[in-house]
Amino acid sequence: MRPLFVVLLLLGLQFSKRVDVVRVDVLVTRDRAPMRDLSVADFEVRDNGVLQTLDYAGFDDVALNVVLALDMSHSVEGQPLAELREAGHAVLDALKSADRGGLVLFGTAVAPSRELTAQRSELHRMLDGQATRGQTSLMDATFAGLMLGSSEAGRSLLLTFTDGADTASWLTEDAVIDAAKRSDVVVYGVVTASARRTGFLRDIASATGGSVLEITSTSDLKGQFLRLLEEYRLRYLLSYTPRGVARDGWHRLDVKVKRPFATVKARPGYQNR
Amino acid sequence: MGLRSTLAILLAVIVPIAQGQPARPIKGYEKLQAWARSVHEHTPGQWDDPARAVAALSLQDYREMLADLVALKKLLADRGGRFRRYDWPVPPGSKPRTEFRELHLDEVPAILGLPEDPRLRRERTDFDLAVSQLRSGITRFMKVAAVLEADVAIFAPPRLDVSEGFRRPDGVQHYIMKAADGSALGNDAAPIHWTLGSAALDLVAPSPAKDEFVRLWYRATVAHQEQRRQYGYARPHLGHALEVLPDDPYLHFYSGVMLENIAAPPVQVTIESLAESRFYSPGGSAKASLTNAEAALRRALALDPTLAMARLRLGRVVGLRGRHDEAARVLRGVLTSLTRDVDRYYAHLFLGAEEQSLNRLQAAQAAYREAAALFPNAQSPLLSLSQLAWQQDDPAVARTAFLALADLMRVSPAPYDPWWDYDIAPVADAPELLAQVRLLGSKEREQLR
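The model shown is predicted, which means the values in this text are computed figures rather than measured ones.

A.B. asks: Explain the overall build of chain A residue by residue, including any values.
C.D. replies: What chain A contains, in helices and strands, is seven helices and 15 strands. For chain A, whose C-alpha radius of gyration is 18 Å, the value lies close to the compact-globule estimate of 19 Å for 273 residues. Along the first, second and third principal axes, the C-alpha atoms of chain A reach 55 × 35 × 35 Å. Counting every position in chain A, which comprises 273 residues, the buried fraction comes to 59%. Contacts in chain A between residues at least 24 apart in sequence constitute 78% of all its contacts with a sequence separation of at least 6. For chain A, the accessible surface area stands at approximately 10600 Å², while carbon and sulfur atoms represent 49% of it. Distance between charge centres in chain A, computed from 34 positive and 34 negative side chains, equals 4 Å.

A.B. asks: With reference to specific residues and values, describe the sheet that holds strand 15 (residues 269-272) of chain A.
C.D. replies: The strands making up a sheet associate through hydrogen bonds between their backbones, and the pairing can be parallel or antiparallel. All names here are of chain A. Pairing is antiparallel in the open sheet, where four strands are placed in the order 4-3-13-15. Two strands bound the open sheet, and with one partner strand each, they are strand 4 (50-51) and strand 15. As judged from the five bridges shared by strand 3 (residues 43-47) and strand 13 (residues 249-257), these two strands associate in the antiparallel manner. The partner of Val45 across the bridge, within strand 13, is Val255.

A.B. asks: Would you mind going over the side chain of B:Asp202 in detail, with residue names and values included?
C.D. replies: All names here are of chain B. Among the structural elements, Asp202 can be located in the loop between helix 7 (192-201) and helix 8 (212-227). For the buried Asp202, which has no salt bridge, the nearest side chain bearing the opposite charge is Lys73, at an N-O separation of 4.1 Å. Look past the residues within four positions of Asp202 in its chain and what remains in contact with it is Lys73, Pro208, Tyr218, His240 and Val244.

A.B. asks: Hey, could you go over the packing of aromatic side chains for me, with residue numbers and the actual values?
C.D. replies: If you walk through the whole model with that rule in mind, you get 17 aromatic pairs over all chains. Ring geometry for A:Trp170 against B:Phe350: centres 6.0 Å apart, planes inclined by 35°, an arrangement best described as tilted. Of this pair, A:Trp170 sits in the loop between strand 9 (155-162) and helix 5 (173-181) while B:Phe350 sits in helix 15 (residues 341-357), each in a different chain. Both residues of the pair, A:Trp170 and B:Phe350, count as buried. Look at B:Phe253 and B:Tyr254: their rings are 5.8 Å apart centre to centre, the planes differ by 35°, and that puts the pair in the tilted class. We classify B:Phe253 as buried; its relative accessible area is 0%. Just above the ring of B:Phe100 sits the side chain of B:Arg85; from NZ or CZ to the centre is 4.8 Å.

A.B. asks: An account of empty space enclosed by the protein is needed here, citing residue identities and associated values.
C.D. replies: Residues and elements named next belong to chain A. In total, this model carries three cavities of 30 Å³ or more according to the counting rule given. Of the voids in this model, the second largest cavity is the one considered here, and its volume is about 70 Å³. Lining the second largest cavity are Arg23, Val24, Asp25, Gly154, Arg155, Ser156, Asp184, Tyr232, Leu237 and Arg267. Elements represented by at least two residues in the lining of the second largest cavity include exactly strand 1 (22-30) and strand 9. Ranked by the residues each element gives to the lining of the second largest cavity, the list is headed by strand 1, at three residues.

A.B. asks: Any chance you could break down the interface of chain B and chain A for me, citing the residues and the numbers?
C.D. replies: Taken together, the contacts link 36 residues of chain B with 40 residues of chain A. Counting the surface lost from both chain B and chain A, the interface buries some 3500 Å², and carbon and sulfur atoms represent 61% of this. There are three salt bridges connecting chain B and chain A. A salt bridge links A:Arg197 to B:Glu272; the shortest N-O distance between them is 2.6 Å. Taken together, the links from chain B to chain A amount to seven residue pairs in polar contact (both at pLDDT 80 or more).

A.B. asks: For the side chain of A:Ser156, give the residues involved together with the corresponding values.
C.D. replies: Along the chain, the position of A:Ser156 falls in strand 9. Those residues within four positions of A:Ser156 in sequence are excluded, and the remaining contacts are A:Asn65, A:Gly149, A:Asp184, A:Val185, A:Val186 and A:Tyr232.

Criteria and cut-off values
- Residues numbered from 1 in each chain as written.
- Chains lettered and ligands numbered in written order.
- Predicted model: local features only at pLDDT ≥ 70, side-chain atom pairs only at ≥ 80, totals over all residues.
- Heavy atoms only, no water.
- Helix = DSSP H or I, 4+ residues; strand = E, 2+ residues; numbered from the N terminus.
- Rg over C-alpha atoms; globule rule 2.2 N^0.38 Å.
- Buried < 20%, exposed > 50% of the residue type's maximum accessible area, 1.4 Å probe, protein only.
- Contact = heavy atoms within 4.5 Å.
- Areas by Shrake-Rupley, 256 points an atom, 1.4 Å probe, with all protein chains shown as cover.
- Lys, Arg positive; Asp, Glu negative; His and termini not counted.
- Charge placed at Lys NZ, Arg CZ, Asp CG, Glu CD.
- Pairing = 2+ DSSP bridges.
- Salt bridge = Lys/Arg side-chain N within 4 Å of Asp/Glu carboxyl O.
- Phe/Tyr/Trp six-rings, centres within 6.5 Å; stacked < 30°, edge-to-face > 60°.
- Lys NZ or Arg CZ within 6 Å of the ring centre and 35° of its normal.
- 1 Å grid on protein atoms, 1.4 Å probe; cavity = no way out; pocket = protein on both sides within 12 Å on 5 of 7 lines; lining within 4 Å.
- Points joined across faces, edges and corners; volume = space filled by probe spheres on them.
- Buried area = accessible area lost by both parts, 1.4 Å probe.
- Polar contact = N/O pair within 3.5 Å; in protein donor to acceptor, adjacent residues only side chain to side chain.

And the structure:
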């Protein structure tokens, strides 16, 4: 039964936005450790205050789409770039065979891979080929990452690294956050402590149910990237067909877990039209 | 008859010096004399030995020369004055702390390497005429000097020993900071050569404000500074330029461009990074800079309503200030006046953003498509078209625009988006303007010989 549902989900949601089915990516922890034994009956989801009936709750059936948006601007030059590449390669290597990866490398220009792919070698080559260049188009790159992450069915993680503030984007913060609210992609950010104006990444992470990790050094970037990937793998995917709510507009989401001391992190809502 | 005899007398005086006799040394003015020799010997536009000699000036040399030039300006403004007594900028920590010196009018030609004139020494009826002729010589000399100083400022390699703070009239120690990608990289050299160039042109007679060379020099040098994104230099330089030429539309336009750029993230992020140290920036907040940018652009357009690039900039600034309807009106209106593709690209791109802000999504899409048609390898219109389609719940169109964006990175040569150079696009003609200034400087230099 479950595999059939997943197939339908794949066909129905390929580069599209939720119309009939709403998917919510949820991190549930207790004592900071992900909880792994939850089922549909443990969750309570309200869409604009209306209790919904869940079709699915799980974390191990759906392949992951993992997009890395990596800051290759002038400020990353030198050792941090080498560590960033190493971390990127490690994440690509850690993907399972059914998972797909994508890259968005950015300086002033934004260079996204054309599509999500299970062919890691292509992505490894791309990661090694890009030189540091120019300023930081973080918002443009984040938007490109959202589009890439939305291009295939599955659960999509956009893992963004930057060591600086956006200095060159054309798109505005509001436009990109709006796009995020209309997608299913979860944004995780990794920023160095010296990075300025991290509000954008924090806002978009919050809007998508993700989080931002602030690091003091890039020396263990690989370990940090892998830990975030592992955390993402252990998030639950919930899905339901909305009932009792208007289709268009902003939908406020409220996700609860009926277990003591459970902490839930999920997007606060989603936008339809 | 009177005029002819005057010319004859003048020639009689000039000839021996014009033949190349070295100027007699004037005690206390050796540095200014050495500088004057460089002015005479420098070939405009070249990084030659005279330019190198001037580039080696220390901050103390600069302070002394600036004091000399200011004193000379005051002396020339003092009708009938034979000398000027003025404060001498002793090096910090010197004793005594203050010194005075006197600049005598009859020694000025020897200091600057100009023809000496005995009429400047005596109580004679033709003293005023001699001063008038001296002013003409000084005017020519100072124009050549300004070209030299601009060349040194442009060509000289950075010198850390002149990067120390310099005190401006507001009493605050100022530093010029270098920055890249929003991060401060350290001090840059104090703008001594731009200041000396300006100080030289302050001596142009009858008035710098009425002199076309001065106007061109300021336009060219400000354009150069803005093209190099040297706002730390451009801000005080433009400030002085506008004191001299308050009704120049281009200088107001450049001022508007500079302020719009100061309000933009690359500068604001750097300012924020400095705020945590003991530095503060007099550059102002983004909001204040945009307010001032709008005022400067409006002033430029009041002086020259045909300045289409100023209107384009005004449209964007008004939009950034939240007046989207007005911005869209201005941008639509300016489209027919813009001649360069790059400016029409900006107008369409900005118009698209304003239409989107006004929720006129079809008009926004049309504007973005116009921009994309002008520069098919530019990523910004594609990003907007994708984002707009996503907003309209049209994932297929969003995907098409995204794929076009992804494909851009596979074309050769590398894609170019004029948006990346929006900040310097209005001053793309800076090299041509500088070439014109140098050509005029060369002609003035020939006249000095």
